[in-house]
Each structure stands twice: as C-alpha cells, then as structure tokens.
Amino acid sequence: MSDTKAKTNAGLQDVVAGESNICLVDGKLGRLVYQGYDINDLVGKASYEEVVYLLWHGKLPTQPELDALDRELKANREIPADVLTLVKALCESKSAPTGMEILRTVTSYVGALDADKSMTRENHLRQSAKLVALLTSVTAAIGRFTQGKAYVAPRHDLGHAANFLYMLHGEEADALSVEAFDVALILHADHEFNASTFTARCTVGTLSDVYSGVTSAIGALKGPLHGGANEDVLRMLMEIDDIATTADLLRDRLNNGVKVPGFGHRVYRSYDPRGLVLKRYAKELTAKVGVTKWYEMTEIAEAVVLEHFAKKGKDLKYNVDLYSGSLYNAMNIPVELFTPLFVMSRVSGWTAHILEQYANNRIIRPVADYVGPVDQAFQPINER
Ligand SMILES: CC(=O)SCCNC(=O)CCNC(=O)[C@H](O)C(C)(C)COP(=O)(O)OP(=O)(O)OC[C@H]1O[C@@H](n2cnc3c(N)ncnc32)[C@H](O)[C@@H]1OP(=O)(O)O
Ligand SMILES: O=C([O-])CC(=O)C(=O)O
C-alpha cells in the first residue's frame, strides 16, 4: 500500500491542478474573467470572434488581427461534402444518435483526414479555427436534418452568431436574437479547469493531437452533471408543462432527494455571473417573442430551489444552464441542440487550454490513494 498520506478530495474538490493564464473563476465573488477581462465588460461590447482571439492569444485583437481571424473562420464555414454526408446519415440513423454523439464523431473524423499532423503552434491554431467554424456549421446542419429539412449553406456576409442562426432557420434572425446568441457564445466560451477542459488538457498532455483533445472534451461535456444539464432544464419544465404546479412538483422532487438541473456548482458560492446575464436576455427576448411560459417557470424554479437550499443551509445557487433554455427556446432552437451549442462555444476555450498545455507541457498523471488489499494469496483457477 502507498505510504503517501495523500488527502483525497472526492471529485478533486479544491485541488489546484495546475497554472493557467486563460480564465479566472472567483467562486466567492461570483466573478468570471477571461485573460484579465471581466465577462461583464465583454458582453454587449466584444463579439464572440474577438473573445476567441482573446482566449487564444491573451490579448484583444486589433482590427487587422480580427479581420484575419474572421477570414479564416469564414473560409472554414462550408461543410465538406463527405462530412455533410456523414452528418446526414447519422441524423437519419435508426440508432438516433444525439447531437453530442454526432459532434464527437465528426471531430474525430475530420481529425483523421487532416494530413498536417505537425505539432507547431501555427498548425494547432489552424486546427482550432477549423473546429470553431466547422462545429458551428455542423450543429446547424444537425438541427436542419433532425427536423427533416434541407441543409442551408453558410453566408459570408454575416458574423459567427448571425450565420449560425441563419443556417439553422434558413432566414436571418432579428437583431436582439443575434445579440443574445453572441452573448451566450461569449459566456460559455471558457471556464477554467471544468471537467471537459481538464479532460482536453489530460489528453493533449500526452502530446496527443488537438482533435483527440476536443473529441474527448465533447465526451465529457455531454454528461448531465456538466453541459448536458442545459437540455435537462427545459425538458424538465416541458414535462411539468404547467405554471401552476411547477413549485409543488419541484418541492416534491427536492424532498425526494432528486437533483434539479441548472442548480449547484463546484466553484460558485455566491452566484454564477453568466446566469445573471442570460436571465436578463431571456426575460427580454421571451417577452419580445411573446412566449414567456418557460421563462416564468424558470423563475419559479429559481425561487423554490434557492429557498430549499437556504433552509438546508447550503450556499448553492443557479448555474449557467438554468436560463439558457428559455432563451434558446425564444430563438426557436430545438432542445436537442442546446448541449451542441455549448460545444460550438466552448471549443474556443478547450483549444485555448490545449495551446497553453502544449506551450508548457508535462504529462498529467496524479496518484490514487490505494485502499484495496495487498497481501492476497494466489489460488490456481481449479482451487477457486
Ligand atoms: C456547465 C456546467 O457544468 S454547470 C453544472 C451543470 N450541472 C447541473 O446543473 C446538474 C445539477 N447539479 C449538480 O449535479 C451539482 O451541483 C454539480 C455536478 C454541478 C456540482 O457537484 P458537486 O460540487 O460534486 O456537488 P454535490 O453534487 O456533492 O452537491 C452538494 C450537495 O448539494 C446538493 N445538490 C447539488 N446540486 C443540486 C441540485 N442541482 N439539486 C438539488 N440538490 C443539489 C447535493 O445533493 C449535495 O447534497 P448533500 O450534501 O446533502 O449530499
Ligand atoms: O466550471 C464547471 O465546473 C462547470 C461550468 O460551469 C462550466 O464548465 O462552464
């Protein structure tokens, strides 16, 4: 048995697992900072594309730098014919793969077909830009095919957020939807050593490639305790489907010890600053489109769950996934696409962390506190 008296924190809670310049999550103050910039100073002022540049390069771009990134993203918007055929076949498959399973497969597929395997920062940035653009177009295509609609080719005169909504709906979205969607992309872009980002760093810490890092990160984000929670929130509300009974049903759920998606966080103790911004946009957009039911039910959920936590003396609050559901619904985005939307945004953060890991790499390999037996006497199979 190991003689190391390592203190094992279940789920690595509060364990400092490395240094990073990219993102600060201040759980006590409810503050989120990208490369030194508070998210509240970025939303509504910077575009998602500027934030992508910021995360990768550690500084806000000048206009020529932003133009160059914009050209590169646009050059990668079109889905290659073989990828489109794969996406369509998966969407129509009897096994009904989820959007996350399709994105995971596509990432792995395009990685296998990328002939340039060189381990240079320049090549890694090229691959990162390709993934940011391509996974966005593929998410829109999944939305089209799963609704039995035809693929809509990208436009090059639209920004990243506006182009996605155009490719999904086949028509240009209104200005408030584009602004709110761009803000949602910014807010989901990075979050320090969350489970999927840490997974990506572990993968590339072996000096594996960018596509492997992102493929494994998608697998980690998919789970209901992480990115999958944004779909679960709206599904839960749709199952309740009644404003009048929401509070009682949620109280029952909590009293039966069942978790409510969209609440709780490993780091935030005061509040999740992303949730506040999304709530504001959800309120405005749902009122504008005249579909306020899910937003109203979400507000009831917020009140009921926080009251429950407070009575139990728990400092848990709602997280980023609570209000995104009613917001995306007001943009007419199907629930099945909510976690893929998270990928579309977070791929910028994953690749920023992948670049940072490569720049100062040491293989990530913690130790286990072995608690099993060590002195077992071997018995041949015929004596067992
Ligand atoms: C983008 C993101 O990944 S944000 C998170 C998205 N995930 C969700 O919304 C799913 C619901 N939330 C959760 O499962 C958790 O809060 C997590 C996974 C986010 C954090 O997990 P942990 O830090 O391990 O907290 P843990 O699950 O141990 O919760 C601590 C206590 O609060 C309770 N609790 C935590 N979240 C919730 C919840 N959503 N509803 C009800 N109770 C909860 C737990 O049951 C536990 O209670 P106990 O001490 O009586 O056993
Ligand atoms: O930080 C976490 O553990 C989860 C989270 O909110 C995110 O990844 O955005």
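Residues numbered from 1 in each chain as written. Chains lettered and ligands numbered in written order. Predicted model: local features only at pLDDT ≥ 70, side-chain atom pairs only at ≥ 80, totals over all residues.

This brings us to the overall build of the protein chain. A count of helical and extended segments in the protein chain gives 16 helices and 3 strands. By the compact-globule yardstick of 21 Å for 384 residues, the protein chain fits well, its C-alpha radius of gyration being 22 Å. For the protein chain, the C-alpha atoms occupy an extent of roughly 70 × 55 × 50 Å along the three principal directions. When the 384 residues of the protein chain are sorted by exposure, 43% land in the buried category. Partitioning the intrachain contacts of the protein chain with sequence separation of at least 6 by distance along the chain shows that 78% fall at a separation of at least 24. (Helix = DSSP H or I, 4+ residues; strand = E, 2+ residues; numbered from the N terminus. Rg over C-alpha atoms; globule rule 2.2 N^0.38 Å. Buried ≥ 20, exposed ≤ 12 C-beta atoms within 10 Å, placed from the backbone. Contact = placed C-beta atoms within 7 Å.)

Before going further, it helps to examine the site of ligand 2. Taken together, His191, Asn194, His265, Arg266, Val267, Asn319 and Val320 make up the full set of residues adjacent to ligand 2. The residue inventory of the shell around ligand 2, partitioned by class, reads 2 nonpolar, 4 polar and 1 charged. (Near = placed C-beta within 6 Å. Nonpolar A, V, L, I, M, F, W, Y, C, P; charged D, E, K, R; others polar.)

Before going further, it helps to examine the site of ligand 1. Taken together, the neighbourhood of ligand 1 is formed by 19 residues, with Ala229, Lys259, Phe263, Gly264 and Arg266 sitting nearest. Looking at side-chain class alone, the shell around ligand 1 contains 8 nonpolar, 7 polar and 4 charged residues.

Attention now moves to unusual backbone geometry. Although it is not a glycine, Ala96 sits at a positive phi angle of roughly 45 degrees. By the secondary structure assignment, Ala96 is in the loop between helix 4 (81-92) and helix 5 (99-112). Positive phi values are uncommon outside glycine, yet Leu207 reaches one of about 70 degrees. The residue Leu207 is located in the loop between helix 9 (195-204) and helix 10 (210-221) in this model. Owing to 11 C-beta atoms within 10 Å, Leu207 belongs among the exposed residues under this scheme.

This part covers the domain arrangement of the protein chain. Domain annotation of the protein chain identifies domain 1 (23-223 + 338-359) and domain 2 (229-330). Placing the centre of domain 1 and that of domain 2 at their C-alpha centroids yields a distance of 26 Å. In this assembly, 21 residues from domain 1 lie in contact with 21 residues from domain 2. Counting only elements with at least two residues in the side of domain 1 that touches domain 2, the list comes to strand 2 (31-34), helix 1 (39-42), helix 8 (175-187) and helix 16 (338-359). (Domains from an automatic or database assignment.)

For the rest of this paragraph, the subject is the confidence of the model for the protein chain. For the protein chain, per-residue confidence averages 96 on the pLDDT scale, and 98% of positions sit at 70 or higher. Note that residues 1-5 has pLDDT below 50 and, in this model, 5 contacts with residues that lie over four places away or in other chains. The ipTM assigned to the predicted complex is 0.98, against a pTM of 0.97. (pLDDT = per-residue confidence, 0-100.)

This part covers the pairing of strand 2. Residue alternation in strand 2 divides its side chains into a buried set, Leu32 and Tyr34, and an unburied set, Arg31 and Val33. Where strand 1 (residues 23-26) meets strand 2, 4 bridges bridge the pair, whose relative direction is antiparallel. By the bridge assignment for strand 2, Leu24 is matched with Val33. Hairpin connection between strand 1 and strand 2: a loop of 4 residues separates the two successive antiparallel strands, and Gly30 in this loop has a positive phi of roughly 70 degrees. (Pairing = 2+ DSSP bridges.)

Running from N to C, helix 6 (residues 121-146) and helix 7 (residues 160-169) point in directions that differ by 25 degrees, and their axes come no closer than 8 Å. In terms of orientation, helix 6 and helix 7 fall into the roughly parallel class. Seen from above, helix 6 lies across helix 7 with right-handed handedness. Facing Thr136, Ser137, Ala140, Gly143 and Arg144 of helix 6, the residues of helix 7 in contact are His160, Phe164, Met167 and Leu168. (Axes fitted to C-alpha atoms, helices over the stretch in contact; angles between N-to-C directions. Parallel < 35°, antiparallel > 145°, perpendicular 65-115°, else oblique. Left-handed = near helix turned anticlockwise from the far one by under 90°.)

Moving on: helix 2 (residues 48-57). For helix 2, a buried count of 8 out of 10 residues is recorded, marking the element as mostly surrounded by other parts of the structure. Listed as buried for helix 2 are Tyr48, Glu49, Val51, Val52, Tyr53, Leu54, Leu55 and Trp56. Count one or two residues on from helix 2 and you reach Gly58, which has phi positive near 80 degrees.

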